[in-house]
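# An overview of the molecular structure
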Amino acid sequence: MTDFRFSATDKTNIFLCICFCLMLNVHQAFSQEKTPVKTASDTLVKTPDTLLFRIERAENAISQINSHNKNGYNLSQIRTDLPEIKANVAEVKEDVSGTSRIIEIKTLLSYRSILKDAQVQLSEWRKTLSDYNNNLRQMSGQIISFSTDTLLSASKLDTTAKQLYGAQLTSLQQKLQQTGQTTTNTLDSVGTLLADVSKLYFEVNDLQTTISEHLKISGQNAFSKESPYLWSAPLVTTTTNIAKLFRTSYSGQNRILSYFFNNTWDNRVLLIVFGTLFFLWVFRNFKLINKAPVNPKLAALKLNYISRFPLLVTLIVVLNLTPLFEPGSPPSYIQLIQLALLFLLTIFFRNKIKPAQFKFWLLLVALYIIVSVTVAVINYGLILRSLLIFFNLACMYAGLVFYKKTDRRTIRKKYLKLMMGIYLLLNGLAILLNILGRISLAKVFSQTAITSLIQVVGLAVLVHILSEALELQIRISACSEGLFSRINLTKVRRSFRKVLSVLAVLLWLLVFFINLNFSGTLFKLTELVLTKPRNLGSINYTLGNILLFGLIIYISLWLQKNIGIILGENSSDYASKTEQKSSKLALIRLIVIIVGFFIAINASGFPIDKITVVLGALSVGIGLGMQNIVNNFVSGIILIFEKPFQIGDFIELADKKGKVLDIGIRASRMLTLQGSEVIVPNGDLLSGRLVNWTLSNNYLKTEFLLKVSSETDFTAAKKIIEEEVLKVENSIKNYPVEVLFNTITADSIELKVGVWIDSIYNETSFKGKILEQLFARFKEQGIKMM
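Residues numbered from 1 in each chain as written. Predicted model: local features only at pLDDT ≥ 70, side-chain atom pairs only at ≥ 80, totals over all residues. Heavy atoms only, no water.

## A look at the overall build of the protein
Tallying secondary structure elements over the protein gives 24 helices and ten strands in all. Burial analysis of the protein (786 residues in total) assigns 39% to the buried set. Within the protein, residue pairs in contact and separated by at least 24 positions form 76% of the contacts whose partners lie at least 6 positions apart. A total of about 45000 Å² of accessible surface is found on the protein, and carbon and sulfur atoms cover 61% of it. (Helix = DSSP H or I, 4+ residues; strand = E, 2+ residues; numbered from the N terminus. Buried < 20%, exposed > 50% of the residue type's maximum accessible area, 1.4 Å probe, protein only. Contact = heavy atoms within 4.5 Å. Areas by Shrake-Rupley, 256 points an atom, 1.4 Å probe, with all protein chains shown as cover.)

Here you go:
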């Protein structure tokens, strides 16, 4: 038996532990008295609050999901556009792999463009549908979560508080079921559509690969034999079926055209607006001719190309300018435009040219149609290739006849000769390449040659139509003292003909390169050269920015130079009516130059902070040798605001006298009495001794001398002089006439006559008239002049 004995220290420790435990129990007792006890009734109060929160969350989720199902998924637009893309892809696929027809490079490039845009669209749809699919799956998970929540399910065993929400819970379950069904259906639709889009997307990728291989092979074999030599070619190929080949080609080209029409309508709208404005311009001018009185300038006008109702010529202008408004158009579109132009030109020429010339024109039209059809259906067979060679020879003969019979006044010789050389070269190369088995190049050269010949005729008609339209405007404006009455018409006609010639050459080259399938490469190369970033020290620039800067500066300088004509400034001489004009025109010119400079800086992308570098360089230039230029420029600004003279004033500077024609930024122009124009730097006008004879008015006191016999009665002579002066039109009647002795000799008296006239510009004519009248009067009165 163990003996439990405690020491005094152990007893003390035990006693302290017992006291600590008793104190802890007392503290818990007091704490329980202060803390309320959770009863069953308290739990029942909390249950409805939690249920209401869940119901509210479920209702909000259902509303959001229903809203998304109703408005959040734009599947109808995809369903509408997808069949069109499918049709495009199907026809491309059929044309690429379905026939033995040799597909031209231009057609392959058009197909690649269609497939590229289709791929971009399908890629966007795939991303959109994938986002829709993920979103729908998340919403479906929410619906399942709420549907399986036991707190939201109604049961007979529910507590009394929960039974109060029984009807609401039942309705909620029905909504969850309906929303779940709708979401599932939408998810199925999105999934099906996503599968269709993805399938078509991968099919487009495969077709792009196939077309890239075709283009690669075409590029490698462009100058190599792609079919047997002509003498080794089979009579017909095993798949030769002209109807099928033509139908397949037409189907593919039709798809290309439909795609192009649907995606480039904006440029076509601009072209239609331009054509409408041209029609209204010509139509309005003819109406003005009918209303205007008979005028010799209008009576002598003969118009062979435009008429009073210019609908036909407007269509010809629009079709000729189409390549300029739509430079990226496919070759098939250009061919269609040329065919429509041929039809309109045929109607136009019917009553305009001789019957023999009209028959020759019909021959050219027939050749164009036959060559186009042959190029569309040709394959490796001997018959079709031989036909193409025959048509090439016929085109060469027709071209030579065209060159001989064409009036050089209609088409300038240097352009016609160059075009004809290119035309014969293309046909010759087409024949040679066809014989050697290079069918693709033979087709391209054949189509390009006949199109270039037809286009020359259309562009010649275009130039004559626009020239006659301008001439009509010039005549009407000259009769009504409009814009063209204030400019050099010979210079305007010459400049306009040059512009039209350049425009015609550009249009011809543009169509030429489009038919050669070189336009895309040319545009990309030009874009690369113009947009490639370049550095000059710390300054970044591109050639395109520099060209744009120069173009805007050139336009600004041209505009400031001709702004007077635009604002109604007439060419001035001493025979015309003298009018003083404000020097605000010079201020407008200054504003045009400054605004043009800043627009050019902004458009070119040149940093504004770099202008300080340019100004620094200019300051150095000014210090080295530009002082006179800056002096004249600043003097011009001072003249604008100080206004010591105006346009139309008669001024005298040093040994020069004349009428102010123009106040420029750097120099001003003055017309002397001898008819010469003097360019006077503005610095000289400001610093020199300037006399303005017409600053406040045009009055001038002119003086002349008369020498009569010493025996003459001075009083009678003075009276005669005063009477004759008053008879002259330009004298001022209320100003006295001064007749004074100037010199007296033994046998003569020299009289000095001072007369005020209304204008300094009439001084010479006044003196001539008054001296003529005084001579006759003195002779009549017997006064002897010495």
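Alright, that's what it looks like, and here's the rest.
## With respect to helix α13 (residues 382–405)
If you check α13, its first and last C-alpha atoms are 35 Å apart, about what 24 residues at 1.5 Å a residue would give, namely 34 Å. Along α13, the residues that are buried comprise Leu-384, Arg-385, Leu-388, Ile-389, Phe-391, Asn-392, Cys-395, Ala-398, Gly-399, Val-401 and Phe-402. (Expected span 1.5 Å × (residues − 1).)

## Some details on the sheet that holds strand β8 (residues 700–709)
The three strands lie next to each other as β8-β10-β9, forming an open sheet whose pairing is antiparallel. With one partner strand each, in any of the chains shown, β8 and β9 (738–744) form the two edges of the open sheet. Looking at each pair of strands side by side, their axes are set apart by 25 degrees on average, direction ignored. One ladder, built from ten bridges, connects β8 with strand β10 (residues 748–757); its direction is antiparallel. The partner of Ser-709 across the bridge, within β10, is Ser-748. Of the strands in this sheet, β8 and β10 are in contact with helix α24 (residues 763–781), which crosses β8 at around 25 degrees. (Pairing = 2+ DSSP bridges. Axes fitted to C-alpha atoms, helices over the stretch in contact; angles between N-to-C directions.)

## Section: a nonpolar patch on the surface
A cluster of nonpolar side chains, contributed by Trp-265, Val-269, Val-273, Leu-277 and Leu-280, occupies part of the molecular surface with about 500 Å² of accessible area. Summarising the element assignment, Leu-277 is placed in helix α8 (residues 265–291). When its relative accessible area of 54% is taken as the criterion, Leu-277 is described as exposed. (Patch = residues over 30% accessible without salt bridge, like charges linked within 9 Å, V, L, I, M, F, W, Y side chains within 5 Å. Salt bridge = Lys/Arg side-chain N within 4 Å of Asp/Glu carboxyl O.)

## So, the packing of aromatic side chains
Scanning all chains against the criterion turns up 16 aromatic pairs. Each ring, one from Phe-597 and one from Phe-598, has its centre 5.5 Å from the other, and the planes form 75 degrees; the classification is edge-to-face. Here Phe-598 falls in the partly exposed class, since its relative accessible area comes to 46%. Sitting above the plane of the Tyr-201 ring, Arg-126 keeps its charged end 4.7 Å from the centroid. Lying across the ring of Phe-360, Lys-405 places its NZ or CZ 5.9 Å from the centre. (Phe/Tyr/Trp six-rings, centres within 6.5 Å; stacked < 30°, edge-to-face > 60°. Lys NZ or Arg CZ within 6 Å of the ring centre and 35° of its normal.)

## Here we look at the confidence of the model for the protein
Taken residue by residue, the protein gives an average pLDDT of 76. The fraction at 70 or more is 76%. At the low end of the mean pLDDT range in the protein sits helix α1 (residues 8–34), at 44; at the high end sits helix α10 (residues 311–325), at 89. Overall, residues 1–47 carries pLDDT values under 50, and its contacts beyond four positions in sequence, including any with other chains, amount to five contacts. (pLDDT = per-residue confidence, 0-100.)

## Structural notes on the side chain of Ser-467
With respect to the helices, strands and loops of the structure, Ser-467 is situated in helix α15 (residues 439–479). The class for Ser-467 is buried, based on a relative accessible area of 16%. Side-chain polar atoms of Ser-467 contact the side chain of Arg-497, separated by 3.1 Å. Residues contacting Ser-467, with those up to four places away along its chain left out, are Phe-496, Arg-497 and Leu-500. (Polar contact = N/O pair within 3.5 Å; in protein donor to acceptor, adjacent residues only side chain to side chain.)

## Points about the packing of α10 against helix α11 (residues 331–349)
A pair of packed helices is characterised by two quantities: the angle between their axes and the separation of those axes. At a closest axis distance of 10 Å, the pairing of α10 and α11 adopts a crossing angle of 155 degrees. By the angle between their directions, the pair α10 and α11 is classed as roughly antiparallel. Here α10 and α11 pass one another in a crossing that is left-handed. Contact with α10, carried on its side by Leu-312, Val-313, Leu-315, Ile-316, Leu-319, Asn-320, Thr-322 and Pro-323, involves Tyr-333, Ile-334, Ile-337, Ala-340, Leu-341, Leu-344, Leu-345, Ile-347 and Phe-348 of α11 and no other residues of that element. Residues that form the contact of α10 with α11 fall into these classes: 15 nonpolar, two polar and no charged. (Parallel < 35°, antiparallel > 145°, perpendicular 65-115°, else oblique. Left-handed = near helix turned anticlockwise from the far one by under 90°. Nonpolar A, V, L, I, M, F, W, Y, C, P; charged D, E, K, R; others polar.)

## Considerations on the sheet that holds strand β7 (residues 690–692)
The antiparallel open sheet is built from five strands, whose spatial order is β6-β5-β4-β3-β7. Each edge of the open sheet carries a strand with a single partner, namely β6 (677–681) and β7. Going from strand to strand, the sheet's axes swing by 40 degrees on average, the running direction of each strand aside. As paired elements, strand β3 (residues 650–653) and strand β4 (residues 656–663) share four bridges and run antiparallel to each other. The partner of Phe-650 across the bridge, within β4, is Lys-659.

## Remarks on the nonpolar core
By size, the foremost hydrophobic cluster in this structure holds 70 residues, and its most contacted members are Trp-361, Phe-402 and Met-419. Those elements giving two or more residues to this core turn out to be α8, α10, α11, α12 (355–377), α13, α14 (413–435), α15 and α16 (489–515). Sort the elements by how many residues they give to this core and α15 lands first, with 21 residues. Those residues in contact with Trp-361 that lie beyond four places of it in its chain are Leu-342, Leu-345, Thr-346, Phe-349, Ile-454 and Val-457. Core analysis: the next-biggest nonpolar cluster, separate from the first, contains 39 residues, Leu-172, Leu-187, Ile-211 and Leu-215 among them. (Core = buried A, V, L, I, M, F, W, Y, C linked by side-chain atoms within 4.5 Å.)

## Concerning the pairing of β6
Of the two faces of β6, the one lined by Val-678 and Val-680 is fully buried and the one lined by Glu-677, Ile-679 and Pro-681 carries no buried residue. Inspection of the sheet shows strand β5 (residues 667–672) paired to β6 by five bridges, in the antiparallel sense. For Met-670, the partnering residue across the bridge sits in β6 and is Val-678. The hairpin formed by β5 and β6 contains four residues between the paired strands, and Gly-675 there has a positive phi angle of roughly 95 degrees.

## Thoughts on the side chain of Ser-452
Locating Ser-452 in the fold gives a position in helix α15. Classification of Ser-452 as buried rests on a relative accessible area of 3%.

## Quick look at the pattern of salt bridges
Tallied over the entire structure, the rule returns eight salt bridges. The salt bridge involving Glu-763 is made with Lys-767; its shortest N-O contact spans 3.5 Å. Placement of the pair is Glu-763 and Lys-767 together in helix α24, with a separation of four residues, close to one helical turn. Its relative accessible area of 24% is what places Glu-763 among the partly exposed residues. Via salt bridges that share partners, Glu-723, Glu-724, Lys-727 and Arg-777 belong to a single interconnected network.

## Side note on a positive patch on the surface
A surface patch of positive charge is lined by Arg-412, Lys-414, Lys-491, Arg-494, Arg-497, Lys-498 and Lys-561. Here the positive patch gets four residues from one element, more than from any other, and that element is α16. Looking at where Arg-494 falls in the secondary structure, it is placed in helix α16. (Lys, Arg positive; Asp, Glu negative; His and termini not counted. Charge placed at Lys NZ, Arg CZ, Asp CG, Glu CD.)

## A few points about the pairing of β5
By the criterion of burial, β5 is predominantly enclosed, with five of the six residues buried. As paired elements, β4 and β5 share five bridges and run antiparallel to each other. Directly across from Ile-663, in β5, lies its bridge partner Ser-668. In sequence, β4 turns back onto β5 through a hairpin of three residues.

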